[in-house]
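Residue-level listing of the chains:
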Amino acid sequence: MPDTAAPLLHTSAVNDYDIEAIRRDFPILSRRVHGKPLVYLDTANSAQKPQAVIDAVSRLYAEDYANVHRGLHSLSMATTDLFEAAREKVRAFVNAASDKEIVFTRGGTASINLVANSFGRSLGPGDEVIISHLEHHSNIVPWQMLRDDRGVTLKVIPMHEDGSLDLDAYADLLTENTELVAVTHMSNALGTIVPIKEMAAQAHAVGAKMLVDGCQSIMHMPIDVQDLDCDFFVFSGHKLYGPSGIGVLYGKRDLLDAMPPYQGGGDMIKTVTFEKTVYADLPAKHEAGTPPIAQAVGLGAAIDYLTGIGMDRVAAHEADVSAYAAERLQAVPGLTLVGTAPERMAVVSFTLDCAHPHDIGTLVDLDGVAVRAGHHCAQPVMQRLDLPATVRASFGMYTSRAEIDVLARALETVRKMFA
Amino acid sequence: MTETQPAAPPETTIDETMDDLVDDLAFFDDWQDKYQQIIHMGRALPAFPEPWKTAEHEVHGCMARVWMKGRWQDDRLRLYATSNAIIVSGLIAMLLKVYDNRTAEEILSHPPTFIERIGMDSHFSQQRSTGLAAMKNAIFEIARQGPADGSQGMGTGSQAPGAGNREPGAEEVGRAE
Ligand SMILES: Cc1ncc(COP(=O)(O)O)c(C=O)c1O
């Protein structure tokens, strides 16, 4: 169909947000799928990469690459500088007080597991960890494992039908035995934004620490960990337009200092004898082994790219696209939005009366549209809403209203096919 | 459950059936039309009794849910399957057209080449998502076990005694499963 194969006209409602230029920075966005322009609406799953990130990674491998922290030779020193510069970029991006508070991991999941296996090691029977019904499996399973290993009590903040958390119930769950509250900043399945600043204050009032799963929020809004006053904040590089294979654990310095290392190996030690090992200082103590070097450099480039545009402006553009999507998709006959909390962004989850999400995902792909269909690694959310699955369209800095229109038209075609 | 498949051996060979499937879909130029056809096939799939939708009969490895049950009629394997997604049900309908009511030997000597010939492999190369591979493996696994042990499930052999002779009547299956 030549009309749908024509290039899309991308515009932004945000002043000076040059979405066409931004889209040109992401080479993959110019490709076609089944002969149609790619409409990538799966950024919550993983974000596409700007040329600046691709270049930073290949330039490192082509020009400077060596292992970090371990060589006196020029290449190792150059790579170490780039690696540590990336850490500083992450620090500034989330406004941590010190770069010693930024631990590089393999991903958001690895960051949560690090806390569960290190901070968690000091917990035992009688201690309580609170998570929420909105969590991704990554912020459920490590705590269940801790519960089973150490006899910790695991409590779950219930969720309202609209996908917001029941904050009254949260207040009731907090006790002086609560050691940790681990909640998501933004639901990957429904897009709900969780008021973590208020929740952190409540946690602190009973002496508990607060871990924020920022895997979904990090790419959509400016983050200031000091303002949020969370004790841990974790995210994955690949959702922040950076490479896969790298994640970040922000932790308050005194906490990270007190925590035992979760893994042992090279790079995390000062001295090793068979009798005794003296651990390195922060953050190396928590970074055993050769770290994700090129991935860190790529993540640094992604952060430079985003800061160059401005997270405020990215957030404003995405808020516009999200509002437009909710409105435009609701006009599709038979479509039900799933997750209608007032504070929501960048994710629209829905079902169609005529077809299973799996069918919808398969058919809109024929129109070049990439969405996710399924439980989105958040089965408890689906159980709570009594749904087997939803279709999820998720947006990023490069998503335009025109793409939402393509999705809506593709859904109308699906309806016709099932009529 | 309505028996729509003939109890007598199929009139066409597996190879002929696969050729027919390929021809039927080759008739449509547009992928949307091909899918429309697959949706029709999915809708025409005989109903799968609700009581059979148990963990034992669930085929894992698909993003949509799929249930499959095999039952030996002498040396022929009768297959029953369904999915909660219609396109996946359409793929199941194709697999059943090819493999239902065949002997173990026929099944095991005929990998589902029609998928590639239809051009489905480019659409479904993410085999995990449609679970085509998982469904094919489930069928082949039942066939490999053969009629000898009287098993009828997903090859688990953990059926209630005598289950192998049971007709798929709704009251009966309601009991043990
Ligand atoms: C809210 C949330 N937490 C954690 C994760 C896990 O991230 P990763 O798979 O990158 O470790 C994801 C990724 O989908 C997520 O959306």
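Before any of the text, the structure's been laid out above.
A short tour of the structure in this document, coming up. Note that the structure is a prediction, hence the values are computed from the model and not measured. As a convention, each chain's residues are numbered from 1 in the sequence order in which they are written. Chain labels run from A onward and ligand labels from 1 onward, assigned in the order the entries are written. With pLDDT at 70 or above as the cut-off, local features in this predicted model cover only qualifying residues; side-chain atom pairs require 80 or more to be listed or tallied, and sums for whole chains, interfaces and linings still use all residues. Side-chain metrics in this entry use all non-hydrogen atoms of the structure; hydrogen atoms and water are not considered.

## Points about unusual backbone geometry
Residue and element names in this part refer to chain A.
In step 1: Pro283 follows Leu282 through a cis peptide bond whose omega is -5°.
In step 2: The phi dihedral of Asn95 is positive, around 55°, even though this residue is not glycine.
In step 3: Only DSSP runs of H or I reaching four residues or more are called helices, and only runs of E reaching two or more are called strands; each is numbered from the N terminus. Position of Asn95 relative to the elements: it lies in the loop between α4 (74-94) and β4 (102-105).
In step 4: With a 1.4 Å probe rolled over the protein chains alone, any residue whose accessible area is under 20% of its type maximum counts as buried; one over 50% counts as exposed, and the rest are partly exposed. By relative accessible area, which is 29% here, Asn95 ends up partly exposed.
In step 5: Within the chain, Asp229 stands out as a residue other than glycine whose phi angle is a positive 55°.
In step 6: Mapped onto the elements of the fold, Asp229 is located in the loop between α9 (225-228) and β9 (232-236).
In step 7: Look at Asp229 and you get partly exposed, because its relative accessible area is 34%.

## Some words on empty space enclosed by the protein
All names here are of chain B.
In step 1: Lining residues are defined by having an atom within 4 Å of a point belonging to a cavity or pocket. Those points lie on a 1 Å grid over the protein atoms alone, cavities being sets where a 1.4 Å probe fits but cannot get out and pockets being open sets with protein on both sides within 12 Å along at least five of seven lines. Grid points are joined across faces, edges and corners, and a volume is the space filled by probe spheres set on the points. Within the structure shown, the criterion is met by two cavities of 30 Å³ or more.
In step 2: Put simply, the second largest cavity is a space of about 30 Å³.
In step 3: Looking at the second largest cavity, the residues that line it are Leu91, Met94, Leu95, Phe114, Ile115, Met120 and Leu132.
In step 4: Within the residue set of the lining of the second largest cavity, elements represented by two or more residues are α3 (86-99) and α5 (114-118).
In step 5: Take the lining of the second largest cavity: its biggest share by element is three residues, from α3.
In step 6: Here the lining of the second largest cavity is built from residues that sort into seven nonpolar, no polar and no charged. Charged means Asp, Glu, Lys or Arg here, nonpolar means Ala, Val, Leu, Ile, Met, Phe, Trp, Tyr, Cys or Pro, and polar covers whatever is left, Gly included.

## Section: the pairing of strand β14 (residues 347-352) of chain A
Residue and element names in this part refer to chain A.
In step 1: Most of β14 sits out of view: six of its six residues are buried.
In step 2: As paired elements, strand β13 (residues 335-338) and β14 share four bridges and run antiparallel to each other. Among the inter-strand pairings, Thr336 is bridged to a residue of β14, identified as Thr351.
In step 3: Pairing analysis gives four bridges linking β14 to strand β17 (residues 390-394), with the strands arranged antiparallel. For Val347, the partnering residue across the bridge sits in β17 and is Ser394. Here, any two strands with at least 2 DSSP bridges between them count as paired.

## Topic: the site of the ligand
Residue and element names in this part refer to chain A.
In step 1: Neighbouring the ligand are Gly108, Thr109, His136, Ser138, Thr184, Asn188, Asp213, Cys215, Gln216, Ser236, His238 and Lys239.
In step 2: Here an oxygen atom of the ligand and a backbone polar atom of Gly108 are 3.5 Å apart.
In step 3: Here a polar contact means two N or O atoms within 3.5 Å. Within protein one must be a hydrogen donor candidate and the other an acceptor candidate, and residues neighboring in sequence count only if both atoms are side-chain atoms. Between Lys239 and the ligand, the recorded distance is 2.5 Å, taken from a side-chain N or O atom to an oxygen atom.
In step 4: Only the protein chains shown count as covering a residue, and every accessible area follows the Shrake-Rupley method with a 1.4 Å probe. Relative to its free-state accessible area of 390 Å², the ligand is covered by the protein chains to the extent of 86%.
In step 5: Its residues assigned to classes, the shell around the ligand comprises one nonpolar, nine polar and two charged. A molecule or strand has a residue near it when one of that residue's heavy atoms lies within 4 Å.

## Some points on the layout of surface pockets
In step 1: If you add up the space inside the largest pocket, you get close to 660 Å³.
In step 2: Together, 27 residues line the largest pocket, and Gly374, His375 and Gln379 of chain A together with Cys62 and Met63 of chain B are the ones closest to its centre.
In step 3: If you list the elements that add at least two residues to the lining of the largest pocket, you get α13 (357-365), β16 (372-374) and α14 (379-385) of chain A together with β1 (58-59) and α7 (127-130) of chain B.
In step 4: Its residues assigned to classes, the lining of the largest pocket comprises 12 nonpolar, 11 polar and four charged.

## Things to note about the nonpolar core
Residues and elements named next belong to chain A.
In step 1: Put simply, buried Ala, Val, Leu, Ile, Met, Phe, Trp, Tyr and Cys residues joined by side-chain atoms within 4.5 Å make one nonpolar core. Met210, Phe233 and Met397 are the most contacted members of the largest nonpolar core, which has 83 residues in total.
In step 2: When residues of this core are assigned to their parent elements, the largest contribution, 11 residues, is made by helix α11 (residues 293-309).
In step 3: The split of the chain into domains comes from an automatic or database domain assignment. Two domains each provide a minimum of three residues to this core, namely domain 1 (11-49 + 310-418) and domain 2 (54-307).
In step 4: We call two residues contacting when some pair of their heavy atoms lies within 4.5 Å. Those residues in contact with Met210 that lie beyond four places of it in its chain are Leu180, Val181, Val183, Ile196, Met199, Ala200, Ala203, His204, Cys230, Asp231 and Phe232.

## Let's talk about the packing of aromatic side chains
In step 1: Here is the rule: rings of Phe, Tyr and Trp (six-membered ring for Trp) pair when centre to centre is within 6.5 Å. Planes less than 30 degrees apart are stacked, more than 60 are edge-to-face, and the remainder are tilted. Within this structure, the stated rule accounts for 13 aromatic pairs over all chains.
In step 2: With centroids separated by 5.3 Å and ring planes inclined at 55°, the aromatic side chains of Phe83 of chain A and Phe104 of chain A adopt a geometry described as tilted. Taken together, the residues Phe83 of chain A in helix α4 and Phe104 of chain A in strand β4 connect sequence positions 21 residues apart.
In step 3: Using a relative accessible area of 0% as the deciding quantity, one classes Phe83 of chain A as buried.
In step 4: On the accessibility criterion, Phe104 of chain A (4% relative accessible area) is buried.
In step 5: Aromatic pair Tyr241 of chain A and Tyr398 of chain A: ring centres 5.8 Å apart, planes at 85°, arrangement edge-to-face. In this pair, Tyr241 of chain A is assigned in the loop between β9 and β10 (247-251) and Tyr398 of chain A in the loop between β17 and α15 (401-418), connecting sequence segments 157 residues apart. Taken as a pair, Tyr241 of chain A and Tyr398 of chain A share a single burial class, namely buried.
In step 6: Among the aromatic residues, ring-to-ring pairing joins Phe26, Tyr241, Tyr305 and Tyr398 of chain A into one connected group.
In step 7: Between the NZ or CZ atom of Lys136 of chain B and the centre of the ring of Phe140 of chain B, over which it lies, the distance is 4.6 Å. By the criterion adopted, a ring carries a charge over it if an Arg CZ or a Lys NZ lies within 6 Å of its centre and within 35 degrees of its normal.

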